[in-house]
Each structure stands twice: as C-alpha cells, then as structure tokens.
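# Fold and geometry: a report
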Amino acid sequence: MSDLAARAVGGDQDALREIVRELRDPLYRLALRMVWRPADAEDATQEILIQVITRLSSFRGEAKLLTWAYQIGVNYLLNLRRKTPQEERELSLDEFRDGLADGLADTDYAGPEAELLAHEVRLSCTQAVLQCLERSERIAFVLGEIFELNSTEAAWVLDVSPAAYRKRLERARERLRAFMGSTCGIVTPQGFCRCARRVDKAVSVGRVDVRQPVYAGHAVNGRGVQEAAAQLHRLHDAASVLRAHPDYAAPRDRTEAIVGLLSSGTFPLLDD
C-alpha cells in the first residue's frame, strides 16, 4: 500500500481510486460505530476520506495505510461537534437498561418479517449501547473488540501508550460486560431483554421502520445479516454480540464523487 500511496501522490488517478475503494468501507464502519446514524456516518466518512487523500504525501509507511487512515478518522470523530441523541441526553447504561425494560412484550413478535425486524432491533440496540460510553472509551472498545486491533496498533492510532490504551479498553469492557450480562438475553439466560420482544415497542416509538430497516436492510460488502448473526449461536459474550454486525458498505455514489472532486483540479489534491 505504500507503493500505491506513492503512485497516488505522483498523480496516478487509478491508484487514487484504488485507495478510496480500499479505505471507504472500513472507515465508514468506524464512523458508524461512533456516530450511530448512517446519514451522519456518511458525512463523516466523506470528510475523513478527503483528509486522508490530501495528507497522503505525509504517509511514511510507519503503519499500514488503513491503520494510518484510522488515526485520521479517529481524530476527526473524537472531535466531532455533532452529538448523538444519547450524548445529547448524557444517557447512562443504567438509563438505557431502564428504557429496554419499558414496553417489553410477554411474547416474541409474530407479525410480518418477524426475523428481519428482530435483527433490526438487535443491530440498532447494540449501536445505541456503544453511544452510552464516553467517546474515548467507545473508540477504545471499537478498535480493540470490534475491529480487533492489537493494543500496540490501537495505541498508535490513539497516540497513547499501550498501557494507557489497555487501561481505557478494560474500563469499557467492564462497563459493557456488566450491562450486557444483566440485560441481554443473547449473552445470558438471566438477561431480561429479548430482541423479538422489543419489536412492537421499537416500531411504536419509531426506532424501527417496518418498511425500511436501517441496519438489517443496509447495503453490505462481505458478511451479511444472517452470516453475522450466525456467530451468536456459538459465542455469547458481550463483545461478540456487539461485534456481530454485517460488513456495512459505504455509499458508492458519495465516495466515487470524492475521487471526481479530488481529480478535477479544482481542489488541492495532495498537500506537499
């Protein structure tokens, strides 16, 4: 990838396109885990990709190109002024647990597209859970447990020592383990919440759109909803449940437009 970056810096448009296409989905998935809503993740991904491309001349191969791009993305996302609804409300995991208990049905939803809507509840819930962590803990968990970077790589992305990173990650793990262990029926039979019993409530308050599920109906590039969910039959720990999302794909029209913009000559493509 360092050769590819050098070619792009040298003006090779095919190399530039390849870099954007290699990075856009991982960066979109990073943004989606941090900002929750796909529309906000799309905006963030566009901004991050522009920053990555315009800084390519400073890439020295000190890490993999994707890891280097993660560092740029993380800096952008941690400093993003726009807040998620949970951040606006300063919603705690305890408050989120109380909300899950409210309106939980006695039986599983049995209406049309029952399985699809149960997946949608699970995916939207696990997205929302992450937003109850403050950003520094959320990104530590996302990098280590969801993207499975080792502590050295994750610490480099965050520009902290590996020891400081491990401490931050462990705090996030402990909080999420306690929450999921007392709440989520996928993690433990003692958890009171069941995705299929949350469907009616989620639909009634507008958190789930029966006609257009946001997460279960999202475009993917790789692992789909069913394949991602299959691991839940084998693994029942909190991290696995939070990790079991499809391989969401970034919107192609917006990322292709970035290449066109940066190649047009009307935008400073690469900083010297």
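This section reports on the structure supplied with the text. Just so it is clear, the model here is predicted, and its values are computed rather than measured.

## Focus on the environment of Ala110
Within the fold, Ala110 resides in the loop between helix H6 (93–101) and helix H7 (114–131). The exposure class assigned to Ala110 is exposed, which follows from its relative accessible area of 74%. C-alpha of Ala110 to C-alpha of Leu32: the two residues are 78 residues apart in sequence and 30 Å apart in space.

## Observations regarding helix H2 (residues 13–35)
In an α-helix, one turn spans 3.6 residues, which is why side chains three or four residues apart end up on the same side. Under the 1.5 Å per step criterion, the end-to-end length of H2 is 31 Å for 23 residues, consistent within 8% with the ideal 33 Å. Along H2, the sharpest change in direction is near 35° and occurs at Arg24; proline Pro26 comes one to four residues later. For H2, the tally of buried residues reaches 17 of 23 residues, placing the bulk of the element in the interior. Of the residues flanking the start of H2, the one acting as N-cap is Asp12, its side-chain oxygen 2.9 Å from the backbone nitrogen of Asp14. Trp36 sits one or two positions beyond H2 and adopts a positive phi of about 80°.

## What about the packing of H2 against helix H8 (residues 135–146)?
Interaxial distance between H2 and H8 falls to 10 Å at its minimum, and their mutual angle equals 140°. Viewed along their axes, H2 and H8 adopt a mutual orientation that is oblique. Judged by the sense of rotation from one axis to the other, the crossing of H2 with H8 is right-handed. For the pair H2 and H8, the contacting residues are Leu30, Arg33 and Met34 in the first and Arg135, Arg138, Ile139, Val142, Leu143 and Ile146 in the second. Residues belonging to the contact of H2 with H8 are distributed by class as follows: 6 nonpolar, no polar and 3 charged.

## Topic: the packing of aromatic side chains
Counted under the stated rule, the structure contains 4 aromatic pairs. Ring centres of Phe96 and Phe179 lie 5.9 Å apart, and the angle between their planes is 50°; this geometry places the pair in the tilted category. Remark: Phe179 occurs in helix H10 (residues 162–183) and Phe96 occurs in helix H6; sequence separation between them is 83 residues. Comparing Phe96 with Phe179, the two get one shared label, buried.

## With respect to the pattern of salt bridges
For the structure shown, the criterion picks out 23 salt bridges. As a salt-bridge pair, Asp14 and Arg17 come within 3.7 Å of each other at their nearest N and O atoms. Remark: Arg17 and Asp14 occur in helix H2; sequence separation between them is 3 residues, near one turn of the helix. Take Asp14: its relative accessible area is 55%, and that puts it in the exposed class. Here Arg135 ties to Glu87 by a salt bridge, and the two come within 2.8 Å at their closest N and O atoms. With a gap of 48 residues between them, Arg135 in helix H8 and Glu87 in helix H5 (residues 85–89) connect regions that are remote in the sequence. Take Arg135 and Glu87: they sit in the same class, and that class is buried. Among the charged side chains, a network of salt bridges with common partners joins Arg37, Asp40, Glu42, Asp43, Arg82 and Arg254.

## A look at the environment of Ala118
With respect to the helices and strands, the residue Ala118 is situated in helix H7. For Ala118, a relative accessible area of 15% puts it in the buried group. Separated by 96 residues in the primary sequence, Ala118 and Glu22 place their C-alpha atoms 31 Å from one another. Ignoring sequence-local partners within four residues, the contact set of Ala118 consists of Cys195, Ala196 and Val199.

Analysis parameters
- Residues numbered from 1 in each chain as written.
- Predicted model: local features only at pLDDT ≥ 70, side-chain atom pairs only at ≥ 80, totals over all residues.
- Heavy atoms only, no water.
- Helix = DSSP H or I, 4+ residues; strand = E, 2+ residues; numbered from the N terminus.
- Buried < 20%, exposed > 50% of the residue type's maximum accessible area, 1.4 Å probe, protein only.
- Expected span 1.5 Å × (residues − 1).
- Bend = angle between axes of the 7 residues up to and from the residue.
- Polar contact = N/O pair within 3.5 Å; in protein donor to acceptor, adjacent residues only side chain to side chain.
- Axes fitted to C-alpha atoms, helices over the stretch in contact; angles between N-to-C directions.
- Parallel < 35°, antiparallel > 145°, perpendicular 65-115°, else oblique.
- Left-handed = near helix turned anticlockwise from the far one by under 90°.
- Contact = heavy atoms within 4.5 Å.
- Nonpolar A, V, L, I, M, F, W, Y, C, P; charged D, E, K, R; others polar.
- Phe/Tyr/Trp six-rings, centres within 6.5 Å; stacked < 30°, edge-to-face > 60°.
- Salt bridge = Lys/Arg side-chain N within 4 Å of Asp/Glu carboxyl O.

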